[in-house]
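Observations on chain architecture
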Amino acid sequence: MKALVYDGPRRVSVKDVPDARVERPTDVLVKITATNICGSDLHMYEGRTDFDTGRIFGHENLGEVIAVGSGVDRVRVGDLVCLPFNVSCGFCRNCEKGLTAFCLSTNPDPRMAGAAYGFAGMGPWEGGQAELLRVPYGDHNCLVLPEEAREKQTDYVMLSDIFPTGWHSTELARVQPGDTVVIYGAGPVGCMAALSATLKSAGKIMVVDRHPDRLALVEQIGAIPVDDSQGSPVDRVLEETGGLGADCGCECVGYQAHDPQGNEHPNLTLNNLVQSVKATGTIGVVGIFVPQDPGSPDTLYKEGEVAFDYGMFWMKGQGMGTGQCNVKAYNRQLCTLIEAGKAEPSWIVSHELTLDQASDGYEHFDARDNGWTKVVLHPDGSR
Ligand code: NAD
Ligand code: ZN
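Cut-offs and rules
Residues numbered from 1 in each chain as written. Chains lettered and ligands numbered in written order. Predicted model: local features only at pLDDT ≥ 70, side-chain atom pairs only at ≥ 80, totals over all residues. Heavy atoms only, no water. Phe/Tyr/Trp six-rings, centres within 6.5 Å; stacked < 30°, edge-to-face > 60°. Helix = DSSP H or I, 4+ residues; strand = E, 2+ residues; numbered from the N terminus. Buried < 20%, exposed > 50% of the residue type's maximum accessible area, 1.4 Å probe, protein only. Lys NZ or Arg CZ within 6 Å of the ring centre and 35° of its normal. Near = heavy atom within 4 Å. Polar contact = N/O pair within 3.5 Å; in protein donor to acceptor, adjacent residues only side chain to side chain. Areas by Shrake-Rupley, 256 points an atom, 1.4 Å probe, with all protein chains shown as cover. Domains from an automatic or database assignment. Contact = heavy atoms within 4.5 Å. Buried area = accessible area lost by both parts, 1.4 Å probe. Salt bridge = Lys/Arg side-chain N within 4 Å of Asp/Glu carboxyl O. Donors = N, O, S within 2.8 Å, 3.2 Å for Na, K, Ca; no water. Tetrahedral: all angles 85-135°; square planar, octahedral: opposite > 155°, others 65-115°. Pairing = 2+ DSSP bridges. Right-handed = clockwise from strand over helix to strand, strands pointing away.

1. Here we look at the packing of aromatic side chains
A complete count under the given rule lists eleven aromatic pairs for this structure. Where F57 meets Y362, the ring centres are 5.6 Å apart and the plane angle is 25°; that geometry is what we call stacked. Residue F57 is located in the loop between α1 (39-45) and β4 (61-68), and its partner Y362 is located in helix α12 (residues 358-366); the two are separated by 305 residues in the primary sequence. Grouping residues by exposure puts F57 and Y362 together as buried. Members of the aromatic cluster, connected to one another through ring pairs, are Y6, Y45, F51, F57 and Y362. The ring of W167 is capped by K200, whose NZ or CZ atom sits 4.7 Å from the centre of that ring.

Pasting the structure below:
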């Protein structure tokens, strides 16, 4: 099969690799028809993780089931399915509680909980930016999609990661109807956090970034764009909230947070959130932070440590929730919202490309080039 393979920092190419196949009775084999490039892929693409060369990228996957193992009961050949980016078993003590991002059996590294397709440090599972994908524990992991999804793949593929992840940031931040919400990052995840806050009837949503195309997307759904290249985002949020700060804050940037001039400061969004969220407010951090980052320009962060304004955080009595999203906790309900016409997450999609065009897609999306807001790949050549 053809697959998009990591060749080293900022290099990917399409290669012929052995076909993915059913290896265990509980596996499902999926022919991938839509698979996204994610901001998480970019950390790996830039060489800022220990992702091995030769491995296949892709954790935001949707496709048609073409084979099932003998132990698969529910999922059928021909079903169109969306796969949570988390690879989880369904039977460990974390999965039993719905915490599928922290599965205890799918990551062979005993120090780590949680696994994902095509992801550094998250198990041996190959990615779906390829013609075929092996899905372990298929009955548990596959979300079988409604018939209309065949024609609306760019909406439904967002259920694999970023729509649930954006929703998760608002859950961690405990967004309630009428709340004021500040979101750092207007990338795909920040946009989905803004959509989720809208769906939860937040009173006012402010989104901080500096890319005009991304800020325009959040403005389209009624959020207030805050351009931090034009002034302090903290001052602007305080102005918008009568000096109090927002009720809830979402971190949708991660450890490569930088100032508008491009200098990385892994503590920048966290400390801005402490300042722009009210006393007793809650902060949800879904942007990725990692335990080691030897390539960081920040000495502390080389070992995963962040100069966090803990004193102010504590004095303000704020709360914080963190981590990967348990996609299965939300994907079924969010699927229903798409089917009911109440959510259209494809509004952020700027490009639909074939696998052969993927390396261009990576280059432009990584550069945050104007107009490259979300890239969907179609390895089956359907676009
Ligand atoms: P992205 O890189 O496209 O978007 C990040 C945005 O943040 C960019 O638009 C950038 O301009 C902006 N930004 C950078 N520094 C900033 C700052 N100081 N203040 C405000 N905005 C700033 O990526 P994405 O796909 O939207 O993903 C965002 C983060 O979420 C990444 O770290 C990704 O790995 C992570 N992620 C986490 C999960 C999870 O389960 N927790 C799932 C998916 C993605
Ligand atoms: Zn992703």
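Now, onward.
2. Remarks on the site of ligand 1
Contacts to ligand 1 come from 33 residues, most closely from S40, D209, V286, C325 and R368. H211 places a polar side-chain atom, nitrogen or oxygen, 3.4 Å from an oxygen atom of ligand 1. For ligand 1, whose free accessible area comes to 860 Å², the fraction covered by protein is 98%. Of all elements in the fold, only α1, α6 (188-199), β9 (204-209) and α9 (268-276) reach the threshold of two or more residues within the shell around ligand 1.

3. Here we look at the domain arrangement of the chain
Looking at the assigned domains, one finds that the chain contains domain 1 (2-160 + 326-378) and domain 2 (163-322). Measuring from the centre of the C-alpha atoms in domain 1 to the corresponding centre in domain 2 gives 25 Å. Facing the 29 residues of domain 1 at the interface are 25 residues of domain 2. Three residues stand out in domain 1 for area buried against domain 2, namely R48, Y330 and W347, and they jointly supply 34% of the buried area on that side. The tally of links between domain 1 and domain 2 comes to two salt bridges. A salt bridge links R48 to D293; the nearest nitrogen and oxygen atoms lie 2.7 Å apart. If you look at where domain 1 meets domain 2, you find ten residue pairs in polar contact (both at pLDDT 80 or more). Of all the elements in the fold, those that place two or more residues in the side of domain 1 that touches domain 2 are α1 and α11 (331-339).

4. A few points about the coordination of the zinc ion (ligand 2)
Each donor-metal-donor angle would ideally measure 109.5 degrees in four-coordinate tetrahedral geometry, or 90 or 180 degrees in six-coordinate octahedral geometry. Looking at the zinc ion (ligand 2), one finds its protein donor set to be C38 (SG), H59 (NE2), E60 (OE) and D161 (OD), positioned 1.9 to 2.2 Å from the metal centre. Its four donor atoms give the zinc ion (ligand 2) angles of 88 to 135° at the centre, a pattern that matches the irregular case. A residue is classified by how much of its surface remains accessible, and C38, at 3% relative accessible area, is buried. According to the relative accessible area criterion, H59 is buried, its value standing at 0%.

5. A few points about helix α7 (residues 212-220)
When α7 is considered as a whole, its buried residues turn out to be D213, R214, L215, L217 and V218. On the buried face of α7, the contacting elements are α6, β9, β10 (224-227) and α12.

6. Section: the pattern of salt bridges
Here the structure, examined in full by the defined rule, presents 20 salt bridges. For R10, the salt bridge identified is with D366, shortest N-O distance 2.9 Å. With a gap of 356 residues between them, R10 in the loop between β1 (2-8) and β2 (11-16) and D366 in helix α12 connect regions that are remote in the sequence. With relative accessibility at 48%, the residue R10 sits in the partly exposed group. Between E264 and R48 there is a salt bridge, and its shortest N-O distance comes to 2.9 Å. Of this pair, E264 sits in the loop between β11 (246-251) and α9 while R48 sits in the loop between α1 and β4, and the two are 216 residues apart along the sequence. The burial state of E264 is the same as that of R48; both residues are buried. Salt bridges linked by common partners bring R10, E46, D366 and R368 together as one network.

7. Observations regarding the pairing of strand β8 (residues 180-184)
When you tally the buried positions in β8, you get five out of five residues, the bulk of the element. Across the two faces of β8 the burial is the same, with T180, V182 and Y184 and V181 and I183 all buried. Both β8 and β9 contribute to a ladder of five bridges, which runs parallel. Pairing of Y184 across the sheet is with V208, part of β9. Handedness of the crossover joining β8 and β9 through α6 is recorded here as right-handed. In the sheet, β8 pairs with β11 via four bridges, with the strands oriented parallel.

8. Description of the pairing of β2
Side chains on a regular strand alternate between the two faces of the sheet. Sheet topology note: the β1/β2 ladder contains six bridges and is antiparallel. Across the sheet, the residue bridging to L4 is V14, located in β2. Connecting β1 to the antiparallel partner β2 that follows it, the hairpin turn spans two residues, and R10 within it adopts a positive phi of roughly 60°.

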